[in-house]
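Close look at the chain arrangement
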Amino acid sequence: MTALIIHGHFYQPPRENPWTGEIDPEPSAAPYHDWNERIHAECYAPNITNYPHISFNFGPTLLSWLEGKHPDTYQKILDADKLSATARGGHGNAIAQAYGHAILPLCNERDQLTQVLWGLADFRFRFGREAESLWLPETAANDHVLALLIEQGLRYVILAPNQAKGAIDSSKPYLFRHPDGSGRSLAVFFYNGPLARAIAFERALASSKGLVELFIKAAQAGSLVNVATDGETYGHHFKFGDLCLAHALEVEAKTAGFWITNYAEYLDRHPPSQEVEIDNGPDGEGSSWSCVHGVARWSRDCGCHTGGEPGWHQKWRQPLREAFNFLRDDAAMKFESVGAELLSDPWAARNQYIGVILDPEHVRDEFLKRHALDLSEESRVWDLLEMQRSALLMFTSCGWFFSDVAGIETIQVIRYAARVVDLMNRLGLEPPLKRFLEIMAEAKSNRVEKGNGADLFLATYKRGFTTDDAWGNRSASLR
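An account of the accompanying structure is given in this report. Since this is a predicted model, take the numbers as computed values, not measurements.

Basis of the calculations
Residues numbered from 1 in each chain as written. Predicted model: local features only at pLDDT ≥ 70, side-chain atom pairs only at ≥ 80, totals over all residues. Heavy atoms only, no water. Salt bridge = Lys/Arg side-chain N within 4 Å of Asp/Glu carboxyl O. Helix = DSSP H or I, 4+ residues; strand = E, 2+ residues; numbered from the N terminus. Buried < 20%, exposed > 50% of the residue type's maximum accessible area, 1.4 Å probe, protein only. Axes fitted to C-alpha atoms, helices over the stretch in contact; angles between N-to-C directions. Parallel < 35°, antiparallel > 145°, perpendicular 65-115°, else oblique. Left-handed = near helix turned anticlockwise from the far one by under 90°. Contact = heavy atoms within 4.5 Å. Nonpolar A, V, L, I, M, F, W, Y, C, P; charged D, E, K, R; others polar. Polar contact = N/O pair within 3.5 Å; in protein donor to acceptor, adjacent residues only side chain to side chain. Pairing = 2+ DSSP bridges.

1. Brief notes about the pattern of salt bridges
Taken as a whole, this structure holds 28 salt bridges when the rule is applied. Residues Arg350 and Asp111 are paired through a salt bridge, measuring 3.0 Å at the closest nitrogen-oxygen approach. On the criterion of sequence distance, the pair formed by Arg350 in helix H11 (residues 346-352) and Asp111 in helix H4 (residues 109-127) is long-range, its members being 239 residues apart. Here Arg419 and Asp422 are joined by a salt bridge, their closest N and O atoms 2.8 Å apart. Taken together, the positions of Arg419 and Asp422, both in helix H16 (residues 408-426) and 3 residues apart, correspond to about one turn of that helix. Like Arg419, the residue Asp422 is buried in the burial classification.

Next up, the structure:
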């Protein structure tokens, strides 16, 4: 039997106001309060019948929102993983995701590690088992990122076919070896590119019969058909796409003789027999599934964008990333300096802080006992760690993905940068605002009335002040 594996990457960027923890109204999502609510209604809830049949990952911050706002949907996602594990030799359909959906090859090594550790801890907490794989945001990878996954004991990874160095066959897994020569490895599945494009962009979900005919055609190439797309394709991007997928998997694909499985169960029966190297992209920067220029879409004006108007540019991307890198590095230096006075090992504390985020009621006290040097400084410890959490979330990939610096997704990552600055002030650490704003001012909006990144930052930062007088006293010294 030909194996059929459908993977859905279900993800939305964190949308919460960093000061309140709640999502502010998003008028563009009308008639819903915000985009999470709209996509839940169009996709996450309707796909409940599909989760037991497909490989999937959910962004950790999205799962956190679902747990609080739609606990029934959240529980059914967890239940689907348990059902699939029972049916598939102990291998559940769910895999983990790097925590904040940052482009890992563009992160420094310390942030790469925290993003992966937090993603794995979040998965363990929610699904009650160890993850066998971790979804790389935008499938962005280079040798260093894959080596990190091997070091964390992961079994396989899913990449786009263009990320292989040389020609590959998507109907079989490959072996990627750790570049240190130790022989450690993980399996790499390259999804079927033409089939993924047909589903995501070419209306293959218009008919379940037509969809399965595409599966049958792809099956002629080998013993595995595997495809990965955004999970939102099924119902949000394409109305009734969830119903098309459900009928295809539950009826027509089975009738056509497909073995519907997941990657881990498939690996039990078909371990990789051929090694592969991956395309590390220009200057080793990395490759991805949504930028033909490697990972340039998240660092400069490479020509890739979504939305916008004729003549718009994305020159704002480079100064935005440079400004955030500058702020991150300054915050890291201060975290390390002040953290040495408050924590036995600041970076180990940051890596384990995910436990407090996930389950504060049961973890806070034990965390303080393990890491804090002076329990009377508890509030400063939390502010310091929250500063680092916002510094991680300000690199959420959606901030660079679309067409303009004034877009809703970019404003959200700017809010996290503002929260970093706010917490620096609360801790008595002078934020490097002058230089930060100079760099941000180079990130110019395509809409002249929106100004530049510095203007957008200051408008966002103002919301963190309780009175206009307090803001007036502070803003006079910012430029």
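2. Overview of the packing of H16 against helix H18 (residues 453-462)
Taken N-terminus to C-terminus, the directions of H16 and H18 make an angle of 60 degrees; their axes are 9 Å apart at the nearest point. With respect to H18, the axis of H16 lies oblique. The interaxial crossing formed by H16 with H18 has right-handed handedness. Every residue of H18 that contacts H16 at Ile411, Ile414, Arg415, Ala417, Ala418, Val421, Asp422 and Asn425 is listed here: Leu456, Phe457, Thr460 and Tyr461. For the contact of H16 with H18, the per-class residue count stands at 8 nonpolar, 2 polar and 2 charged.

3. Digging into helix H6 (residues 193-201)
Gly193, Leu195, Ala196, Ala198, Ile199 and Ala200 are the residues of H6 that are buried. Looking at the buried side of H6, the elements it contacts are helix H7 (208-219) and strand E8 (224-230). For H6, the N-terminal capping position is held by Asn192, with its side-chain oxygen 2.9 Å away from the main-chain nitrogen of Leu195. Looking one or two residues beyond H6, the residue adopting positive phi is Arg203, at roughly 60 degrees.

4. Some thoughts on the pairing of strand E2 (residues 55-58)
Alternating positions in E2 separate into two faces, Ser55 and Asn57 on one and Phe56 and Phe58 on the other, with burial throughout. Where strand E1 (residues 3-10) meets E2, 4 bridges bridge the pair, whose relative direction is parallel. Following the sheet pairing, Phe10 is matched in E2 by Phe58. The pairing of E2 with strand E3 (residues 94-97) spans 2 bridges and is classified as parallel. Bridge pairing links Phe56 to Ala94 in E3.

What is shown is where atoms sit, not what they do.
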